[in-house]
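Tertiary structure, described
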Amino acid sequence: LQKVKKEGNVPFTLAALQRDLYLKKLPRHIECFDISNLQGTDTVASMVVFVDGKPKKSLYRKFTIRTVSGPDDFASMEEVISRRYKRLIEEKEPLPDLIMVDGGKGQLSTAVYALRILGLKNFEIIGLAKRLEEVFLPRDPEPVIIPKTSSALKLLQQVRDEAHRFAITFHRLKRSKRTFTTQLLEIKGVGDKIATKLLAELGSVREVENASLETLTSLIGEKKASIIFNHFHGTV
């Protein structure tokens with residue numbers, strides 16, 4: 001009985017989700033988006049994919065926001081939704097069974113607008129607001145309240161939390177890389193190309209500082225290696 005219950009858990013959860021959200025089909029393929037920034041800097045977005053109720057990490061995607069300056073989550077959401085589904089249209093790939101955004105009515109409305117600008121009509125999309133775990137649907141001004149004990153809500157929370165984790169991880173990596181690159185660019189004679197190559201090869205400014213002259217020379221040539229080695233050690 002326990003084995004049967006375990007094996008039947010995912011289909012039951014998806015069926016419950018279909019029922020609670022009035023979906024036309026079983027949400028076997030879910031794509032969820034989240035925006036991350038720190039005071040408007042290094043804004044990024046994440047997309048996670050769940051297939052049959054489980055994360056499919058090979059399908060995850062990261063986005064660096066290109067067209068938005070400052071902390072504007074709505075505009076950032078519009079950009080990432082447009083980029084993702086414009087590409088699917090170009091590649092003639094099917095839409096997911098359910099699109100999900102981390103946020104309430106505002107984020108949802110922005111995402112719906114982006115999809116309609118692309119000419120898409122037959123899509124299913126929801127927003128999950130963090131504070132009260134309310135689920136928003138495009139056609140309903142009032143949120144859907146799914147019982148806290150529902151397996152359907154727990155799946156939505158898992159998807160949303162995974163999108164948030166993935167976005168935060170990418171944002172921290174991007175911010176750290178920018179900080180490290182800036183430190184190397186402060187060295188006279190070191191340009192962006194050299195700084196980026198060193199960080200890609202060695203991983204951090206500390207590793208660059210600790211690298212031998214021979215290691216640096218093998219990566220960027222004798223002249224630039226001497227400049228960097230001199231900067232950290234004072235002599236060659």
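Every chain is numbered on its own, with residues counted from 1 as its sequence reads. Totals for whole chains, interfaces and linings use all residues, but because this is a predicted model, local features are given only for residues with pLDDT of at least 70 and pairs of side-chain atoms are given and counted only at 80 or more. In computing side-chain properties, one takes all heavy atoms of the structure into account and sets aside hydrogens as well as water.

**Remarks on the environment of H164**
- Each helix corresponds to a stretch of at least 4 residues labelled H or I by DSSP, and each strand to a stretch of at least 2 residues labelled E; elements are numbered beginning at the N terminus. Here H164 shows up in helix α5 (residues 151–185).
- Per-residue accessibility, obtained with a 1.4 Å probe over protein chains only, is compared with the maximum for each type, and a residue is labelled buried under 20%, exposed over 50%, and partly exposed between these values. Its relative accessible area of 32% is what places H164 among the partly exposed residues.
- Note: C-alpha distance between H164 and D34 (130 residues apart in sequence) is 5.8 Å.
- Apart from residues lying up to four places away in sequence, H164 is in contact with D34, D102 and K130.
- Think of a polar contact as two N or O atoms within 3.5 Å of one another; within protein, one of them needs to be a possible hydrogen donor and the other a possible acceptor, and neighboring residues in sequence only count if both atoms come from side chains. A polar atom in the side chain of H164 sits 2.9 Å from the side chain of D34. Should any heavy atoms of two residues lie within 4.5 Å, those residues are considered in contact.

**Observations concerning the packing of helix α3 (residues 73–90) against helix α4 (residues 105–117)**
- One way to put it is that α3 packs onto α4 with a least axis distance of 8 Å and a crossing angle of 35°. As α3 packs across α4, the resulting crossing turns out to be right-handed. Between α3 and α4, the residues in contact are F74, M77, E78, I81, S82 and Y85 and G106, Q107, T110, A111, Y113, A114 and L115, respectively.
- In this classification, Asp, Glu, Lys and Arg are treated as charged, Ala, Val, Leu, Ile, Met, Phe, Trp, Tyr, Cys and Pro as nonpolar, and every other residue, Gly included, as polar. Its residues assigned to classes, the contact of α3 with α4 comprises eight nonpolar, four polar and one charged. Helix axes use the C-alpha atoms of the stretch in contact, all axes being lines fitted to C-alpha atoms, and the angles between their N-to-C directions lie in the range 0 to 180 degrees. Crossing handedness is read from the near helix: turned anticlockwise from the far helix by less than a right angle, it gives a left-handed crossing, and turned clockwise, a right-handed one.

**Some words on the confidence of the model for the chain**
- Per-residue confidence from the predictor is reported as pLDDT, a score between 0 and 100. On average, the chain scores 86 in pLDDT, and the residues at 70 or more come to 89%.
- Mean pLDDT across the elements of the chain bottoms out in helix α1 (residues 2–7) (53) and peaks in strand β5 (residues 98–102) (96).

**Some points on helix α8 (residues 213–220)**
- Here α8 has its buried residues at L216, L219 and I220. Along the long axis of α8, the arc covered by the buried residues comes to 70°, so they all point the same way. Exposed and facing more than 90 degrees away from the buried side of α8 are E214 and S218.
- Of the surrounding elements, those touching the buried residues of α8 are α6 (192–202), α7 (205–210) and α9 (222–233).
- Looking one or two residues beyond α8, the residue adopting positive phi is G221, at roughly 90°. The directions from the helix axis to the C-beta atoms form the arc being described.

**Here we look at the side chain of E133**
- Note that E133 resides in the loop between β6 (125–129) and β7 (134–137).
- Within the structure, the side chain of E133 is placed 3.0 Å from the side chain of R160, a separation counted as a polar contact.
- Dropping the residues within four chain positions of it, E133 is found in contact with L128, L153, Q157 and R160.

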